[in-house]
Each structure stands twice: as C-alpha cells, then as structure tokens.
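Here is how the chains run, residue by residue.
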Amino acid sequence: MSAIESVLLVTNPLSGQGRGLTAAAVARARFAERGVQVTEIRGDTAAESVRLVRAAVGGGAAPNAVVCAGGDGLVCLTLQAIAESGVPLGLVPGGTGNDLARELGIPDDDAVAAADIVLDGRTRSIDLGTVESGTVTAEYGGPLRFATVTGTGFDARVTLRANRMRRPKGSLRYTFAALAELAGGLAVPYRIELSGVPGQSDSVVETEAVMVAVGNTRTYGGGMMICPDAVLDDGLLDLTVVGVMSRLEMLRMLPALSSGKRIDHPAVTQYRAATITLTAPNVPVTADGDPAGALPATFRALPAAQQIRIP
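Reference entry: report on the structure contained in this document. (Residues numbered from 1 in each chain as written. Predicted model: local features only at pLDDT ≥ 70, side-chain atom pairs only at ≥ 80, totals over all residues. Heavy atoms only, no water.)

1. As for the overall build of the protein chain
No. 1: Scanning the protein chain from terminus to terminus reveals 9 helices and 17 strands.
No. 2: Taking 311 residues into account, the globule formula puts the C-alpha radius of gyration at 19 Å, and the protein chain, at 19 Å, falls close to it.
No. 3: Once the C-alpha set of the protein chain is aligned to its principal axes, its extents read approximately 55 × 40 × 30 Å.
No. 4: Taking the intrachain contacts of the protein chain between residues at least 6 apart in sequence as the baseline, contacts between residues at least 24 apart amount to 71%. (Helix = DSSP H or I, 4+ residues; strand = E, 2+ residues; numbered from the N terminus. Rg over C-alpha atoms; globule rule 2.2 N^0.38 Å. Contact = heavy atoms within 4.5 Å.)

2. Concerning the pattern of salt bridges
No. 1: This model, assessed by the stated rule, comprises 16 salt bridges.
No. 2: With a shortest N-O distance of 2.8 Å, Arg 34 and Asp 120 are connected by a salt bridge. Within this pair, whereas Arg 34 is found in the loop between helix H1 (19-33) and strand E2 (37-41), its partner Asp 120 is found in helix H5 (residues 111-120), the two being separated by 86 residues in sequence.
No. 3: Taking the relative accessible area as the measure of exposure, Asp 120 reaches 52% and is therefore exposed.
No. 4: Here Asp 229 and Arg 262 are joined by a salt bridge, their closest N and O atoms 2.8 Å apart. With Asp 229 in the loop between strand E11 (224-225) and strand E12 (237-243) and Arg 262 in the loop between helix H9 (247-258) and strand E13 (268-273), this pair connects stretches of sequence that are 33 residues apart.
No. 5: The exposure class of Arg 262 is partly exposed, given its relative accessible area of 47%.
No. 6: Salt bridges linked by common partners bring Arg 30, Glu 33, Arg 34, Asp 116 and Asp 120 together as one network. (Salt bridge = Lys/Arg side-chain N within 4 Å of Asp/Glu carboxyl O. Buried < 20%, exposed > 50% of the residue type's maximum accessible area, 1.4 Å probe, protein only.)

3. Quick look at H1
No. 1: For H1, built from 15 residues, the straight-helix expectation of 21 Å at 1.5 Å per residue is met to within 8% by its first-to-last C-alpha distance of 21 Å.
No. 2: Those residues of H1 that sit buried are Gly 20, Ala 23, Ala 24, Ala 27, Arg 30 and Phe 31. End-on, the buried residues of H1 take up no more than an arc of 135°, which puts them together on one face. Facing away from the buried surface of H1 by more than 90 degrees, the exposed residues are Thr 22, Ala 32 and Glu 33.
No. 3: Looking at the packing, one finds that the buried side of H1 touches strand E1 (6-11), E2, strand E3 (65-70), strand E4 (89-93) and H5.
No. 4: Backbone geometry just after H1 places Gly 35 at a positive phi near 75°. (Expected span 1.5 Å × (residues − 1). Arc of directions from axis to C-beta.)

4. Describing the layout of surface pockets
No. 1: Counted as a void, the second largest pocket has a volume near 240 Å³.
No. 2: Ala 46, Ala 47, Val 50, Arg 54, Leu 77, Gln 80, Glu 139, Tyr 140, Gly 141, Gly 142, Pro 143 and Arg 145 together form the lining of the second largest pocket.
No. 3: The dominant element in the lining of the second largest pocket, judged by the number of residues it contributes, is helix H2 (residues 46-58), at 4 residues.
No. 4: Grouping the amino acids of the lining of the second largest pocket by side-chain chemistry returns 6 nonpolar, 3 polar and 3 charged. (1 Å grid on protein atoms, 1.4 Å probe; cavity = no way out; pocket = protein on both sides within 12 Å on 5 of 7 lines; lining within 4 Å. Points joined across faces, edges and corners; volume = space filled by probe spheres on them. Nonpolar A, V, L, I, M, F, W, Y, C, P; charged D, E, K, R; others polar.)

5. As for the state of the cysteines
No. 1: In the structure shown here, the tally under the stated rule is 0 disulfides.
No. 2: The thiol sulfur of Cys 76 is not disulfide-bonded, and the nearest other cysteine sulfur, from Cys 68, lies at 10 Å. (Disulfide = S-S within 2.5 Å.)

6. Description of the environment of Arg 54
No. 1: With respect to the helices and strands, the residue Arg 54 is situated in helix H2.
No. 2: Residue Arg 54 is classed as partly exposed on the basis of its relative accessible area of 43%.
No. 3: A sequence separation of 26 residues divides Arg 54 from Gln 80, and the C-alpha atoms of the two residues are 8.4 Å apart.
No. 4: Leaving out residues up to four positions away in the same chain, Arg 54 has contacts with Gln 80 and Ala 81.

7. Considering empty space enclosed by the protein
No. 1: Inspection of every chain in the model, using the stated rule, returns 1 cavity of 30 Å³ or more.
No. 2: In this structure, the largest cavity spans a volume of roughly 50 Å³.
No. 3: Among the elements that take part in the lining of the largest cavity, E4 stands out by supplying 3 residues, more than any other.
No. 4: In terms of residue class, the lining of the largest cavity is built from 7 nonpolar, 3 polar and 1 charged.

8. A closer look at the nonpolar core
No. 1: Phe 31, Val 53 and Leu 91 are the most contacted members of the largest nonpolar core, which totals 45 residues.
No. 2: Not counting residues within four places of it along the chain, the set of residues in contact with Val 53 comprises Leu 8, Val 10, Ile 41, Val 66, Thr 78, Ala 81 and Ile 82.
No. 3: Residues Val 136, Tyr 190, Ala 287 and Phe 299 belong to the second largest nonpolar core, which totals 29 residues. (Core = buried A, V, L, I, M, F, W, Y, C linked by side-chain atoms within 4.5 Å.)

Below, the structure is given as structure tokens:
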C-alpha cells in the first residue's frame, strides 16, 4: 500500500468517559506532526456519523485511511459507513473495552504509538460478522456488521447495563453489571441452527442456555475470553453456549471470565459455523458492545471483508 497521506479521524466524545477525545487529540497532533492531512468527524448522533463518514469515503478524494479514536462501539458504527469502500481502517483506542485493538496488538494506552501504526504498519484483511433481524435491518437498511463479538441473553443484558453505568471504570464495570443481572432470570430455551462448515452437515441444537455468544474475535468486554478459539480470518464465526447453571456456578465462573481465562465448565459448549440462526424468547442482542435488537436473528461470516492497519 502507498504511504498514508490523508486520514479521516472519527471521534466519539463519549468513548471511555472522555478517553476517546483525549486519544483523538493526541492522534490528530501526531498526524499533523508527520505531515498527514487530517479531516475530523464528530457526529451529534450515530446516524449522522455514519452519513458523514459514508459521504467522505464515497467522494472523489477518499482518505487513505479512516481512523477510529474510541472503542469497539465506534468501530462498529464506522464499519457500517465504510463497508465495501476499500478504505482501510485504523485504530486509536480510547474506549472501555478496546477488544479489537487488543486482538490485533495495537496498544490501548499509547495514542502516539497507535497513530504511528496507522502510518507505518501493514494492511491486513480480516473477517467481519453480520447480524440480521427485523429491528436491526430496519434501522440500518440491511445487516449490521460487527468486528468482535455479539452477545445474546445474560451477557447482552450485562453489556446493556454496563453501558448505563458510570462507575467503576474499565472492565470491572462489566463484573458489577453481571452481579446485578444475576438477580434476574437465567436460562431460556434456545434453538441454534448451524450451517456452512466445510465437510459438515447443517445441524440444529435445541437447548436451555443462560447466554449464547457469537464471536469473530476471542474476547469482549475488555478482555473476557468468551470465544477462545476464534480466528479473525478463517471465514467462520465461533459460538459459545453457556448452558443451564446455578447462580452460584455463575458467580464462580465470572472471575475467570473477567480475568481473560478460558472457561472450562461442563455446561459450556463451543461450535463453529459460517451461518448461525438463534431463536429464543425475549432475548436482547448486542454487537461490539452496542444494542443490536433482539432474537430471532441470523449471524453470517463475511470473509476478508475489511482491511485494517496493524503493527
């Protein structure tokens, strides 16, 4: 790829309780110092941000890279705007979780180093996933793309609660939210349809589950290892099903999950597929940490769908 001479810097002022703004300011100064032309977008709403980014990459003078200064939610938002544009994505982490950056080896505590990776790194093609459901398709005019993990059930409720919380900061917020959600109901009946695995027949699993996560990457929520075998460029999505367990068992599992350890429990099952359809009653969905409607929904892998700048 030729040298990066111009970037579109997308900022979310709310990312990481202000960390996104700080990261954007540092990155903007670093780009200017290195002679790179910077155009900044900071939409008042998600819809406005998508519209502005889409217009910028679709014009006659598209930037050499679109850089997100924020967290995984901002990345997800930006993906909707740059889909199929061919413009690579750069990351200057400034969110709460920063799981995509962590997966790719981009530092989440050094905005100067992250900006230099955008300029000096290499371009890698990664898979994305999509979510298709009635509410999501209506909102986005098509499937919602995601880069890390979609959560359904207990973990989606935890994420939604954590997003509303101001304290504590960092990944501990998810632990506190999980403790609060344990007071509610746990397992619900799921129907899981799996297809598109080379050499394997389509299959259906019907089970009671506390939560089901669909992963393009291994972690979410700031390093929680929910899909430990997920690979960013294998053309498949990983599925982790947490079956029926008591509140006490959930309490025992949460510390290991929060610390980034692999979950080893007889109620936890992993699958892999190119297309996954989940059906369950009254179950919310989150994608890259943001609301993504409710089940039923279909999840599809998009092989090599996005170019991204990495070390």
